[in-house]
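Each chain, written out:
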Amino acid sequence: MRILRVGVEMLENSHKLRVTISGLTFRNPTILASGILSSTPGLIRRVVFNGGAGGVTYKTVTLKPRSGYSNPVVAVVKAGVINCMGLPNPGLNGVLEDIIQVRKILPQNVPLIASFASSDPGEAQFIAGRLEDAGVNALELNLSCPHTRRLGLEVSHDIKLTESIVESVKSVTRIPLFVKLGLQDNIVELARRVEGKGADVIVAINTVKAMAIDVYARKPVLSNIYGGLSGPAIHPIAVRVVYELYENVSIPIIGVGGVEDWYDALELILAGAKAVEIGTAIYRKGIGVFREVCRGILEYIESEGFNTVNDLVGLAHKR
Ligand SMILES: Cc1cc2nc3c(=O)[nH]c(=O)nc-3n(C[C@H](O)[C@H](O)[C@H](O)COP(=O)(O)O)c2cc1C
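Anyway, here's the lowdown on the structure attached to this text. (Residues numbered from 1 in each chain as written. Predicted model: local features only at pLDDT ≥ 70, side-chain atom pairs only at ≥ 80, totals over all residues. Heavy atoms only, no water.)

**Comments concerning the site of the ligand**
Point 1. Taken together, 24 residues form the shell around the ligand, and within it Ser-34, Lys-59, Thr-60, Gly-258 and Thr-280 come nearest.
Point 2. One of the side-chain N or O atoms of Asn-142 is found 3.2 Å from an oxygen atom in the ligand.
Point 3. Taking Gly-231, its main chain carries an N or O atom lying 2.9 Å from an oxygen atom of the ligand.
Point 4. Taken together, the residues that form the shell around the ligand break down as 9 nonpolar, 13 polar and 2 charged. (Near = heavy atom within 4 Å. Polar contact = N/O pair within 3.5 Å; in protein donor to acceptor, adjacent residues only side chain to side chain. Nonpolar A, V, L, I, M, F, W, Y, C, P; charged D, E, K, R; others polar.)

**Section: the pairing of strand 15 (residues 253–256)**
Point 1. Side chains Ile-253 and Gly-255 of strand 15 all project onto a buried face; the interleaved residues Ile-254 and Val-256 project onto the opposite face, where all are buried too.
Point 2. As paired elements, strand 15 and strand 16 (residues 275–278) share 3 bridges and run parallel to each other. From the neighbouring strand, Ile-254 faces strand 16, where its bridge partner is Ala-275. (Buried < 20%, exposed > 50% of the residue type's maximum accessible area, 1.4 Å probe, protein only. Helix = DSSP H or I, 4+ residues; strand = E, 2+ residues; numbered from the N terminus. Pairing = 2+ DSSP bridges.)

**As for the environment of Val-203**
Point 1. Relative to the elements of secondary structure, Val-203 occurs in strand 10 (residues 201–204).
Point 2. Separated by 72 residues in sequence, Val-203 and Ala-275 place their C-alpha atoms 9.5 Å apart.
Point 3. If near-sequence neighbours (up to four positions away) are discounted, Val-203 is found in contact with Glu-140, Phe-178, Val-179, Lys-180, Leu-181, Ile-254, Val-256 and Glu-277. (Contact = heavy atoms within 4.5 Å.)

**Notes on the side chain of Thr-173**
Point 1. Following the sequence through the fold, Thr-173 ends up in the loop between helix 6 (159–170) and strand 9 (177–181).
Point 2. A distance of 2.9 Å separates the side chain of Thr-173 from the backbone oxygen of Val-169, its partner in a polar contact.
Point 3. Ignoring sequence-local partners within four residues, the contact set of Thr-173 consists of Ala-128, Gly-129, Glu-132 and Leu-139.

**Comments concerning helix 3 (residues 92–105)**
Point 1. When the terminal C-alpha atoms of helix 3 are compared, their 20 Å separation across 14 residues agrees well with the 20 Å that a helix rising 1.5 Å per residue should span.
Point 2. Among all positions of helix 3, only Leu-92, Val-95, Leu-96, Ile-99, Val-102 and Arg-103 are buried.
Point 3. Against helix 2 (41–50), strand 4 (55–61), strand 7 (112–116) and helix 4 (121–133) lie the buried residues of helix 3. (Expected span 1.5 Å × (residues − 1).)

**A short note on the sheet that holds strand 7**
Point 1. One closed barrel accounts for 8 strands, arranged 3-4-7-8-9-10-15-16; its pairing is parallel. On average, adjacent strands in this sheet sit at an angle of 25 degrees to one another, irrespective of strand direction.
Point 2. Where strand 10 and strand 15 come together, 3 bridges link them in parallel fashion. Each bridged residue has a counterpart across the sheet, and for Ile-202 the counterpart in strand 15 is Ile-253.
Point 3. Across the face of the sheet, helix 6 comes into contact with strand 7, strand 8 (138–142) and strand 9 while running at roughly 160 degrees to strand 9. (Axes fitted to C-alpha atoms, helices over the stretch in contact; angles between N-to-C directions.)

**What to know about the nonpolar core**
Point 1. Counting 103 residues, the largest nonpolar core has Phe-116, Leu-131, Leu-139 and Ile-297 as the members making the most contacts within it.
Point 2. It is helix 11 (residues 289–304) that provides the largest number of residues to this core, a total of 8 residues. (Core = buried A, V, L, I, M, F, W, Y, C linked by side-chain atoms within 4.5 Å.)

**Some words on the sheet that holds strand 11 (residues 208–210)**
Point 1. Strand order in the open sheet formed by 4 strands is 5-6-14-11, with antiparallel pairing between adjacent strands. Across the chains shown, the open sheet's two edge strands, defined by having one partner strand only, are strand 5 (74–77) and strand 11. Strand-to-strand twist in this sheet, taken as the mean axis angle between neighbours without regard to direction, amounts to 35 degrees.
Point 2. Bridge count for strand 5 against strand 6 (residues 80–83) is 4 bridges, and the pairing is antiparallel. Residue Val-74 lies in a different strand from strand 6, and its bridge partner there is Asn-83.

**A look at the packing of helix 6 against helix 7 (residues 187–196)**
Point 1. Remark: helix 6 packs on helix 7, axes separated minimally by 9 Å, with the N-to-C direction vectors making an angle of 30 degrees. As the angle between them shows, helix 6 and helix 7 are arranged roughly parallel. The two elements helix 6 and helix 7 cross, and the hand of that crossing is right-handed. Of the residues in helix 7, those in contact with Ile-159, Lys-160, Thr-162, Glu-163 and Val-166 of helix 6 are Glu-189, Leu-190, Arg-193 and Val-194.
Point 2. Split by residue class, the contact of helix 6 with helix 7 holds 4 nonpolar, 1 polar and 4 charged. (Parallel < 35°, antiparallel > 145°, perpendicular 65-115°, else oblique. Left-handed = near helix turned anticlockwise from the far one by under 90°.)

This is a description of form; function is not addressed.
Here is the structure:
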């Protein structure tokens with residue numbers, strides 16, 4: 001591939017990287033994933049201004065504060081990271097001021113997505129309404145955390161409950177509703193059903209339930225025994241899921257899972273994602289990963305003769 005000398009300013013202003021998802025314009029297709037450097041205005045400022053992310057997903061919030069699981073909550077394994085944080089957060093009232101502040105500091109073309117979790121339709125509706133009032137650009141319903149009791153995957157396994165949560169949120173909010181799904185056998189059916197209830201975007205995937213064992217202690221490493229695996233090991237799974245979803249739903253898809261470089265991001269885009277979220281790669285490569293991915297995508301667009309990144313979405317399906 002021809003190596004272009006692409007400066008930061010050019011990267012941030014290139015129309016070739018700009019994507020529009022459900023009416024929201026992102027300056028580039030790399031979005032900070034929920035839960036990694038995404039819980040304070042200071043961290044988010046660094047990821048956007050120093051790192052170059054094109055969008056931000058705030059750490060998942062619940063109605064009441066949650067302390068999460070006790071340590072150890074992270075195990076670094078060969079193929080990535082297993083975490084069992086347990087969705088710790090200060091609760092809805094504890095994040096609203098920060099969210100208002102974050103929206104004020106972000107450029108207009110860097111949308112702020114607020115992630116939230118609930119297992120109750122009325123409660124989900126209430127949380128969504130408050131987040132919308134705080135000025136976020138989109139909501140991301142987290143139906144996919146694999147290690148938290150009565151939240152995440154435990155909710156999405158009940159399709160009827162999932163449908164009523166989506167319906168309830170959609171009945172009061174005007175901003176786009178992203179629904180984040182995780183690895184489960186019926187993910188395609190679930191995606192179709194939430195699309196039927198008005199979801200605007202599917203985000204896939206979350207971490208994959210996993211565990212690590214300390215062979216000297218002869219015990220599980222994590223306090224919760226199980227956690228969620230992220231990083232390179234789950235990337236081909238994310239590619240497969242996005243590919244299948246693209247063939248089965250009409251709403252836009254955002255791909256997540258093990259994106260570490262432009263090649264990984266392009267695989268998800270060619271499979272059908274309009275943008276990618278990036279999390280674990282930040283631990284491994286630093287916040288520069290967003291710009292590195294964008295630079296690589298831009299170079300690919302130029303050297304392969306495309307006009308914009310949008311021309312690449314779903315191309316792997318054309319036979
Ligand atoms: C430490 C950690 C905390 C996370 N917290 C959340 C969270 O609060 N909400 C959520 O939807 N996903 C959460 N995730 C999942 C990520 O957003 C992402 O879906 C997953 O890690 C796969 O992407 P990656 O391989 O780029 O990290 C978390 C992941 C990690 C590693």
